[in-house]
Amino acid sequence: MMNLNSPFFRLITNIGNLILVSILWIIGCIPIVTIGASTAALYYTCVKVIRHGRGYLFSSFIHAYRSNLKQGTIITLLGILISFVLYTDFRYITSLANAPEYLVAIYQICLTFFASLLIYLITIMSRFSVTLFQLLKLSVFMMIRHFYYTIVMLVLLITVIILMMAVPFSVFFLPGI
């Protein structure tokens, strides 16, 4: 029971690592334009350090953050711009008295596609060094190829966002999960 390699101590270590990497993610997201780089570093660190037990948490996060900073900032800025356009158009269409239902459905499909694309963009960016065009192409391919996993990941993402909004303290451990 008191062995440092026992399942109990491994569980406590993993929980502590999840909390630490989530705090690093929050700090990395303070400048809003670095959300993409910080999320890629979070994913990279969770896979490398927490799941596989290789490397050190802080140095792995900083290394992944620095290596994804340029591309992550571009993706974040494009994401913010596209999100703003989609949101503004959606608000305009839904404010019309006789808003066509097919336009509302089109915007909902576009938003779902965009959120799915962002999930794959960040995870692929954290694992591979490719150009932005290759990253987009690979993300679209994986999103279509693994359609059912994409739906599951969207549901999980929405659930985590709702939980973080409902229970603000959960922001200290949910991002690492």
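Look above for the structure.
An account of the accompanying structure is given in this report. The structure displayed is predicted, hence computed values, not measured ones. (Residues numbered from 1 in each chain as written. Predicted model: local features only at pLDDT ≥ 70, side-chain atom pairs only at ≥ 80, totals over all residues. Heavy atoms only, no water.)

Scanning all chains against the criterion turns up four aromatic pairs. When the centroid spacing of 6.2 Å and the interplanar angle of 20° are considered together, the rings of Phe61 and Tyr65 count as stacked. Within this pair, Phe61 and its partner Tyr65 are both found in helix 3 (residues 57–95), separated by four residues, close to a single helical turn. Each member of the pair, Phe61 as well as Tyr65, is classed as buried. Where Phe147 meets Tyr148, the ring centres are 5.7 Å apart and the plane angle is 70°; that geometry is what we call edge-to-face. Exposure remark for Phe147: the relative accessible area of 46% places this residue in the partly exposed category. (Phe/Tyr/Trp six-rings, centres within 6.5 Å; stacked < 30°, edge-to-face > 60°. Helix = DSSP H or I, 4+ residues; strand = E, 2+ residues; numbered from the N terminus. Buried < 20%, exposed > 50% of the residue type's maximum accessible area, 1.4 Å probe, protein only.)

Take the packing of helix 2 (residues 35–51) against helix 3 next. Close contact between helix 2 and helix 3 brings their axes to 6 Å; oriented N to C, the two are set at 145°. In the crossing of helix 2 with helix 3, the sense of the turn from one axis to the other is right-handed. Across from Ile35, Gly36, Ala37, Ser38, Ala40, Ala41, Leu42, Tyr44, Thr45, Lys48 and Val49 in helix 2, the residues of helix 3 making contact are Leu57, Ser60, Phe61, His63, Ala64, Tyr65, Asn68, Leu69, Gly72 and Thr76. Residue composition of the contact of helix 2 with helix 3, grouped by class: 12 nonpolar, eight polar and one charged. (Axes fitted to C-alpha atoms, helices over the stretch in contact; angles between N-to-C directions. Left-handed = near helix turned anticlockwise from the far one by under 90°. Contact = heavy atoms within 4.5 Å. Nonpolar A, V, L, I, M, F, W, Y, C, P; charged D, E, K, R; others polar.)

All right, on to the side chain of Asn68 then. Structurally, Asn68 can be placed in helix 3. Excluding residues that lie within four positions of it along the chain, Asn68 makes contacts with Ala37, Ala40, Thr73, Met125 and Ser126.

Moving on, we get to helix 5 (residues 132–145). The first and last C-alpha atoms of helix 5 sit 20 Å apart over 14 residues, in line with the 20 Å expected at 1.5 Å per residue. Buried within helix 5 we find Leu135, Ser139 and Met143. What you see down the axis of helix 5 is that its buried residues fit within an arc of 60°, all on one side. Summarising the geometry of helix 5, the exposed residues directed more than 90 degrees from the buried face are Phe133, Lys137, Ile144 and Arg145. On its buried side, helix 5 packs onto helix 3, helix 4 (101–127) and helix 6 (147–166). (Expected span 1.5 Å × (residues − 1). Arc of directions from axis to C-beta.)

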